[in-house]
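An overview of the molecular structure
Letter by letter, the chains look like this.
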Amino acid sequence: MVKTKTSPNYVYYNDSIRRKLWEEKDIESRMASALERREFVVYYQPKVDLRTGRIASSEALVRWKLSGGRVIPPDQFIPVFERKFMIGQLDQYVMEEVCRWLRGRLDAGESALPVSVNVSRLQFYDEGFVDRYVEIRDRFQIPPELLEIEFTESIVLDNAGLLLRTVNALKQAGFACSIDDFGKGYSSLSLLKDLPADTLKIDRFFFEDGTDEEREWAIIQGVVDLVHRFHIHTVAEGIETPEQVRRLREVGCDYVQGFVFYHPMTQEDYERELRRQEEAPAPSRCGKEQAP
Ligand code: C2E
Ligand code: MG
Ligand code: MG
Ligand code: MG
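Let me begin by describing the structure that accompanies this report. These figures come from a predicted structure and were not determined experimentally. (Residues numbered from 1 in each chain as written. Chains lettered and ligands numbered in written order. Predicted model: local features only at pLDDT ≥ 70, side-chain atom pairs only at ≥ 80, totals over all residues. Heavy atoms only, no water.)

Some remarks on the packing of aromatic side chains
Any pair of aromatic rings gets described here by the distance separating the centres and the angle formed by the planes. According to the stated counting rule, one finds 14 aromatic pairs in the structure shown. Taking the centre distance of 6.1 Å and the plane angle of 70 degrees together, the rings of Phe 77 and Phe 81 count as edge-to-face. You can see Phe 77 and its partner Phe 81 sitting in helix α2 (residues 74-83), 4 residues apart, about one turn around the helix. The same class applies to Phe 77 and to Phe 81, which are both buried. (Phe/Tyr/Trp six-rings, centres within 6.5 Å; stacked < 30°, edge-to-face > 60°. Helix = DSSP H or I, 4+ residues; strand = E, 2+ residues; numbered from the N terminus. Buried < 20%, exposed > 50% of the residue type's maximum accessible area, 1.4 Å probe, protein only.)

Laid out in structure tokens, this is it:
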């Protein structure tokens, strides 16, 4: 690229676009074979019950592990999978890996806590989606209460009827359902009245330092109270400080998922953590925060 003195920004812009395009092309060309070669690994991030201070469940978060050992975060490749209509394959792969892991634990007589898997909004447009997830769950003979489906309600922008139909079908099939990233983008309170969700995950956006902390906490309190009336549990996402945990206890939030307790971790590390929790008398030690 020729750098000109008159337009340094243009040069920068062009370079970064070019780099991004190259990365996307690179990702695109490797996606299919990466799935075949099973280069995707599932990390688990615990959700901590604020009443007991113990791990109650976890979320499965996919990573792409290149043969050289480099680990690519999902934000970099999920949009490409969506654009190429391959996200269904990736999400199912994650669902299978989670079921395989749970089956292994059950077979070994070890405790198994629920795991939530993320599904792309695009999957809601795929008619066979719910049946396929039931098929995977049945193939591994996983008790329904061990699985939860996380989705964002952004789909409502296009098609609220489709969202409701699909979530009802998931519930009918025995899956717990969780609304992810609530408060980010176009969250709709009116949707809550119709959506048979079990869990609402309040997005990290709410807990980032805003201009008026007290107003933010008032909104969080309001959301927690409101959804509790519908018997929906609340998870606060992206919690990083003990002070936030203290406030969340005050407002009656049920679970916390965030770096303050745990980062997403490999299956082996998560297993170790579960073992440690089992050996520890309740309430157990969790991450950097002392249990109540
Ligand atoms: P998400 O479902 O909202 O997952 C939570 C994200 O927040 C994760 O990022 C997690 O690592 C991050 N996080 C958790 N605690 C903290 C914290 O205290 N501070 C900060 N700054 N971040 C925290 P991750 O793993 O990079 O995943 C990003 C997004 O990628 C996920 O957001 C989800 O939308 C998507 N994703 C991940 N796995 C899958 C998958 O298997 N299928 C699909 N369709 N999407 C997935
Ligand atoms: Mg999620
Ligand atoms: Mg989220
Ligand atoms: Mg804040």
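Alright, that's what it looks like, and here's the rest.
Things to note about the coordination of the magnesium ion (ligand 3)
Coordination of the magnesium ion (ligand 3) by the protein comes from Asp 180 (OD), Asp 181 (OD), Glu 237 (OE) and Glu 237 (OE), over a distance range of 2.0 to 2.4 Å. Ordering the donors of the magnesium ion (ligand 3) by residue number gives the pattern D-D-x55-E. Taken as a pair, the magnesium ion (ligand 3) and the magnesium ion (ligand 2) lie 4.2 Å from each other and share Asp 180 as a ligand. Each member of the pair, Asp 180 together with Asp 181, is buried. (Donors = N, O, S within 2.8 Å, 3.2 Å for Na, K, Ca; no water.)

Digging into the pairing of strand β8 (residues 233-237)
Burial analysis of β8 places 4 of its 5 residues in the buried class, the great majority of the element. Sheet analysis places strand β7 (residues 199-202) next to β8, joined by 4 bridges and oriented parallel. When the bridges of β8 are listed, Thr 199 appears paired with His 233. Of the strand pairs in this sheet, β8 and strand β9 (residues 255-257) are connected by 3 bridges, and their pairing is parallel. Among the inter-strand pairings, Val 235 is bridged to a residue of β9, identified as Tyr 255. For the handedness criterion, the β-α-β arrangement of β8, helix α8 (residues 242-251) and β9 is classed as right-handed. (Pairing = 2+ DSSP bridges. Right-handed = clockwise from strand over helix to strand, strands pointing away.)

What about the pairing of β7?
Side chains Thr 199 and Lys 201 project from β7 onto one buried face, and the interleaved Leu 200 and Ile 202 project onto a second face that is buried too. With 3 bridges connecting them, strand β6 (residues 176-182) and β7 associate as parallel partners. Across the sheet, the residue bridging to Ile 179 is Leu 200, located in β7. For the crossover that starts at β6, traverses helix α6 (residues 189-194) and ends in the parallel β7, the hand is right-handed.

Observations concerning helix α9 (residues 267-279)
In a regular helix each residue adds 1.5 Å, so 13 residues correspond to 18 Å; α9 covers 18 Å between its end C-alpha atoms and thus fits that length. For α9, the complete set of buried residues consists of Tyr 270, Glu 271, Glu 273, Leu 274 and Gln 277. Buried positions in α9, seen along its axis, are confined to an arc of 160 degrees and lie on one side of it. Summarising the contacts, the buried residues of α9 are in contact with β1 (40-49), β2 (55-65) and α3 (87-107). (Expected span 1.5 Å × (residues − 1). Arc of directions from axis to C-beta. Contact = heavy atoms within 4.5 Å.)

A few points about the site of ligand 1
Near ligand 1 you find 23 residues, and of these Arg 63, Asp 91, Asp 180, Glu 240 and Phe 259 are the closest. A distance of 3.1 Å is found between a nitrogen atom of ligand 1 and a side-chain nitrogen or oxygen belonging to Gln 45. Take Asp 180: an N or O atom from its side chain is 2.8 Å from an oxygen atom of ligand 1. Compared with its free state, where it exposes 810 Å², ligand 1 has 85% of that area covered by protein. Among the detected pockets, ligand 1 sits in the largest pocket. Listed by contribution, the elements that provide at least two residues to the shell around ligand 1 are β2, α2, α3 and β6. (Near = heavy atom within 4 Å. Polar contact = N/O pair within 3.5 Å; in protein donor to acceptor, adjacent residues only side chain to side chain. Areas by Shrake-Rupley, 256 points an atom, 1.4 Å probe, with all protein chains shown as cover. 1 Å grid on protein atoms, 1.4 Å probe; cavity = no way out; pocket = protein on both sides within 12 Å on 5 of 7 lines; lining within 4 Å. Sits in = over half its atoms within 2 Å of the grid points.)

Purely geometric stuff here, so don't read any function into it on its own.
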